[in-house]
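# Inside the fold
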Amino acid sequence: MAYAVTLIPGDGIGPELTRAMVTVLEATGLQFDWDQQEAGIDALTNFGTPLPEATLASVRRTGVGIKGPTTTPVGIGFRSVNVALRLSLDLYANLRPARTMTGVKSRFENIDLVVVRENTEDLYCGIEFERGQPETLTVIEALNRASGKQISPTAGISIKPFTPAACERIVRFAFEYSRKNNRKKVTAVHKANIMKFTDGLYLEVARQVALDYPDIAFEDRIVDNMCMQLVQKPELYDVLVLPNLYGDIISDLTAGLIGGLGVAPGANLGDNCALFEAIHGSAPKYAGQDKVNPTALILTGALMLRHLGETEAAERVETAVAEVIREGKAVTYDLARGQSVGTQAMAQAIAQRVQG
Ligand code: NAD
């Protein structure tokens, strides 16, 4: 049986990385029925929108998509293809594994962390009031009346809503992921000592959800302390679950711990659909040069295989990537200790090992 998967090559370096990822995934022997769809700058030219309805319809139909990076066009009033995809498909969980690999330059060793970030709420809802605008003054007056505080009329305001339902589903997602992937501990990260009715709510819900998973350890950390701990003793942590803003920041911190953008995979998941994408952008200056590192998107493909239940194939891909990088003979410029190869040649070297 072939897996129906929506394939969104994206733009910039996206199409060449997608080609590399497809080469490796097909080397596993699994069959894929790729439904190729457009998003990004090229879609804007061809369809008048960077996110055509056909692309969304395809992911809704297949339930699984894998995407190359897309450039966010500046100045056309479209925030980001990625944000639009997450909202339209209710992809509420952002999954960012971070594992060190021999051969990738990093200040750290033996890191194996998974960051689970809430994708739909928090300060990212886009509920903002610009300083000095009449509606902003109305909001400030109402807040001052209700809170008894005195916000200056010169302030700009951004709103941070948290709901029990969204807190519960992200924490539950982290525990379910831990169970399926044999992880031992979930750490909920927050600032509940300061923001009692948002982060406090999140922590209360997290503690409640944890009771349903006695087989997995649970603890919480205040976000500032978490940053220090991750730099000093990252080996103490396993799966971290965070609200949107802290998750955004900490997941880049963990990507930095393992050696940066070129090797960090990612995914956005909901109850009905999953969309897999590397965390790096479209690096337009390298587009079409067969130069950039395909590792992040190939490891993202392995994450997708795990999601499809193809654990053995996923492990073969991850092992092949780790071996090729450790040997250092067929790696791109950013990983090379001497001579480097191009994107497709690195993918071919990985694919050969996957085939065995
Ligand atoms: P970027 O990740 O595209 O590039 C920053 C730098 O990182 C590059 O110049 C390059 O030196 C390096 N780099 C990135 N990926 C690499 C790889 N695979 N191999 C080797 N080196 C790599 O970030 P940016 O320049 O801030 O963003 C460019 C565009 O991408 C923007 O329009 C941005 O909105 C978009 N973007 C898209 C996504 C996505 O689609 N998921 C994510 C982030 C940024």
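This is a predicted model, so every value here is computed, not measured. (Residues numbered from 1 in each chain as written. Predicted model: local features only at pLDDT ≥ 70, side-chain atom pairs only at ≥ 80, totals over all residues. Heavy atoms only, no water.)

## Some points on the overall build of the protein
Quick note on the threshold: Only DSSP runs of H or I covering at least 4 residues are called helices, and only runs of E covering at least 2 are called strands; the numbering of each starts at the N terminus. Three exposure classes are used, based on accessible area relative to the maximum for each residue type with a 1.4 Å probe and protein chains only: buried under 20%, partly exposed in between, and exposed over 50%. The contact criterion used throughout is that any non-hydrogen atoms of two residues lie within 4.5 Å. Reported accessibility uses the Shrake-Rupley method at a 1.4 Å probe radius. Residues are deemed covered only where the shown protein chains occlude them.
Of regular secondary structure, the protein possesses 12 helices and 12 strands. With the C-alpha coordinates of the protein rotated into their principal frame, the extents come out at 70 × 50 × 40 Å. By the burial criterion, 52% of the 356 residues in the protein qualify as buried. Relative to all contacts within the protein whose residues are 6 or more apart in sequence, the contacts with residues 24 or more apart total 74%. Accessible area of the protein: about 16300 Å², with a carbon and sulfur share of 52%.

## Digging into the site of the ligand
Applied cut-off: We call a residue near a molecule or strand whenever a single non-hydrogen atom of that residue lies within 4 Å of it. Whenever two N or O atoms come within 3.5 Å, that pair is a polar contact, provided that in protein one can donate a hydrogen and the other can accept it, and provided that, for residues adjacent in sequence, both atoms are side-chain atoms. Gly is put with the polar residues, along with every residue not named as nonpolar or charged; the nonpolar set is Ala, Val, Leu, Ile, Met, Phe, Trp, Tyr, Cys and Pro, and the charged set is Asp, Glu, Lys and Arg.
Around the ligand, a shell composed of 20 residues is seen, among which Thr70, Asn82, Gly281, Ala283 and Asn293 lie nearest. A distance of 3.0 Å is found between an oxygen atom of the ligand and a backbone nitrogen or oxygen belonging to Thr72. With respect to the ligand, the backbone of Asn293 contributes an N or O atom lying 3.0 Å from a nitrogen atom. Relative to its unbound accessible surface of 810 Å², the ligand loses 68% to contact with the protein. Tallied by class, the residues present in the shell around the ligand amount to 8 nonpolar, 8 polar and 4 charged.

## Section: helix 12 (residues 343-355)
Note the threshold: Multiplying 1.5 Å by the residue count of a helix minus one yields the expected span of that helix.
The terminal C-alpha atoms of helix 12, which comprises 13 residues, lie 19 Å apart, in line with the 18 Å expected from a rise of 1.5 Å per residue. Within helix 12 the residues assigned to the buried category are Thr343, Met346, Ala347, Ala349, Ile350, Ala351 and Val354. In this fold, the buried residues of helix 12 make contact with helix 1 (14-26), helix 10 (295-307) and helix 11 (311-327). Two residues or fewer past helix 12, Gly356 is found with a positive phi of approximately 85°.

## Focus: empty space enclosed by the protein
Stated precisely, the cut-off is as follows: Cavities and pockets are found on a 1 Å grid laid over the protein atoms alone: a cavity is a set of points where a 1.4 Å probe fits but cannot escape, a pocket is an open set with protein on both sides within 12 Å along at least five of seven lines, and a lining residue has an atom within 4 Å of such a point. Grid points are joined across faces, edges and corners, and a volume is the space filled by probe spheres set on the points.
All chains considered together, the criterion is met by 1 cavity of 30 Å³ or more. Approximately 50 Å³ is the volume attributed to the largest cavity. In terms of lining, the largest cavity is formed by Glu118, Glu121, Asp122, Phe162, Ala166, Cys167, Ile170, Tyr202, Pro243 and Asn244. Among the elements that take part in the lining of the largest cavity, helix 6 (residues 164-180) stands out by supplying 3 residues, more than any other. When its residues are assigned to classes, the lining of the largest cavity shows 6 nonpolar, 1 polar and 3 charged.

## Some words on the pattern of salt bridges
Side chains that differ in sign of charge can pair as their charged atoms come close. Let me state the cut-off plainly: By convention in these notes, a salt bridge is any Lys or Arg side-chain nitrogen within 4 Å of a carboxyl oxygen on Asp or Glu.
Tallied over the full model, the rule gives 22 salt bridges. Across the pair Asp215 and Arg179 runs a salt bridge whose closest N-O atoms are separated by 2.9 Å. One end of the pair, Asp215, is in the loop between helix 7 (199-210) and strand 9 (217-222); the other, Arg179, is in helix 6, with 36 residues separating them in the sequence. Classification of Arg179 as partly exposed rests on a relative accessible area of 40%.

## Quick word on the domain arrangement of the protein
Put simply, the test is: Where a domain begins and ends is set by an automatic assignment or by a domain database. When two parts are brought into contact, each loses some accessible area as probed by a 1.4 Å sphere; the total of that loss over both is the buried area.
For the protein, the assigned domains read domain 1 (1-92 + 267-356), domain 2 (107-121 + 162-257) and domain 3 (122-161). Computed over C-alpha atoms, the centres of domain 1 and domain 2 are 26 Å apart. In this assembly, 8 residues from domain 1 lie in contact with 9 residues from domain 2. Together domain 1 and domain 2 conceal approximately 790 Å² of surface at their shared face, both sides included; 54% is due to carbon and sulfur atoms. Remark: the boundary between domain 1 and domain 2 carries 1 salt bridge. Across the pair Asp90 and Arg169 runs a salt bridge whose closest N-O atoms are separated by 3.0 Å. Counting across the interface, domain 1 meets domain 2 through 4 residue pairs in polar contact (both at pLDDT 80 or more).

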